[in-house]
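Here are the chains, one letter per residue:
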Amino acid sequence: MKILVTGGAGFIGSAVVRLAVARGHQVVNLDALTYAACLANVAGAAQSPLYAFEQADIRDRAALDRVFETHQPDAVMHLAAESHVDRSIDGPGDFVETNITGTYQMLEAARKYWTAAGKPEGFRFHHISTDEVYGSLPADPAVMFTEDTAYDPRSPYSASKAASDHLVRAWAETYGLPVVLTNCSNNYGPYHFPEKLIPVVILNALAGKPLPIYGDGSNVRDWLYVEDHADALLLVVQKGALGRSYNIGGENERSNLELVQTLCAILDGKRPRADGKSYKDQITFVTDRPGHDARYAIDPSRIRDELGWRPSVTVEEGLERTVQWYLDNEAWWRALQNRDGVGQRLGTGK
């Protein structure tokens, strides 16, 4: 299969690229190389004859038409998006432009290509989204997001992703475009851009800086190891039912405070502080961000029952691997820490 992956130099996209190439798929990585992208993420895959790279913006329709015509993919995996909630609070326009307008241009370019090719049955447009489109859950562990949960986005980021989901479904209904959709829980793992919670905690800990936790740390997320997510995405693009959506979760709910405490304990064992104290002493509670959803949790029954997929990595195993990866790859993350806004407090709503 030849797969056009948008956002393939980003965190999740690069995991998809690496895994797809390793499994023998041809991959065309389309990425605009904005601030959160890094071609080092796919350096290994880039050595393969199965890999091709196109620097292009998903809002640039002429560039998209050229890429489709040149490479003639069998499937699209659309991951390119602005994804940092705090940045969406400070600059929502970028999220509207990339996540909504960009998805519209991708759909139209894919529709033109698919139609011109005679509407081949095997073509798929796989739209990758987030569980944040569903809003916020109560603390009751029996209540979880399903594929039938009503959309209730609370941030500019989640609203832009919800809009893109609706566009994809509309193109399927109106034009017959063969689509599948997935909504995932919080990803973590190697190559996670150093403005997100887990890498911020790891890198601040190593630097002797405060470990910021929003509010009281009670916000709960379901944590999904990125390589598990990539495995699920490749399964869905190949075997998912047309028009179907699949929620992908890690089955690993943790509060932010629990998560940070676990990271501190791992670091205490792997890279002890010089003074012998625990990294937990660096935990600092900071003003919460506006509209901070209380809890996300995914019911993964559909992807488990229909496609036989379950995550293979527990959050404890995944965090151990992630911490070790950051300890072993200082050159990668140091180069990214100098980029715009990285390391600064964003999203205060002021």
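Per-chain numbering applies: the sequence of each chain, read as written, is numbered from 1 onward. Given that the model is predicted, a residue must reach a pLDDT of at least 70 before its local features are reported, and side-chain atom pairs must reach 80 or more before they are shown or counted; all residues, however, enter totals for whole chains, interfaces and linings. Calculation of side-chain values draws on the structure's entire complement of heavy atoms; hydrogens and water are dropped beforehand.

Mind showing me how you'd approach the sheet that holds strand E7 (residues 186–188) here?
Strands pair in a sheet through their backbones, by hydrogen bonds, and they do so in one of two ways: parallel or antiparallel. Criterion used throughout: strands pair if DSSP finds at least two bridges between them. Numbering of helices and strands starts at the N terminus; helices are DSSP runs of H or I of at least 4 residues and strands are runs of E of at least 2. Overall, mixed pairing links the 3 strands, which are arranged E7-E9-E11 in an open sheet. Since the sheet does not close on itself, it has two edges, and those belong to E7 and strand E11 (253–255), each with one partner. Strand-to-strand twist of the sheet, defined as the mean angle between neighbouring strand axes without regard to direction, takes the value 50°. Relative to E11, strand E9 (residues 220–225) runs antiparallel, the two being bridged by 3 bridges. Looking at E11, one finds that Val-220 is bridged to Ser-255. Pairs of residues are marked as contacts when any of their non-hydrogen atoms sit within 4.5 Å. For helices, the fitted axis covers only the stretch in contact; all axes are lines through C-alpha atoms, and the angles between them, taken along N-to-C directions, range from 0 to 180 degrees. Of the strands in this sheet, E9 and E11 touch helix H8 (residues 256–270), which is tilted by about 90° from E11.

Explanation requested: the side chain of Asn-187 in the structure shown.
Its place among the elements puts Asn-187 in strand E7. At 2.9 Å, the side chain of Asn-187 forms a polar contact with the backbone oxygen of Ser-185. In protein, a polar contact means a hydrogen-donor-capable atom and an acceptor-capable atom, both N or O and within 3.5 Å, with residues adjacent in sequence counting only if both atoms are side-chain atoms; elsewhere, any N or O pair within 3.5 Å suffices. A distance of 2.8 Å separates the side chain of Asn-187 from the side chain of His-229, its partner in a polar contact. What Asn-187 contacts, discounting residues up to four positions off in sequence, is Phe-11, Ile-12, His-192, Trp-223, Leu-224, Val-226 and His-229.

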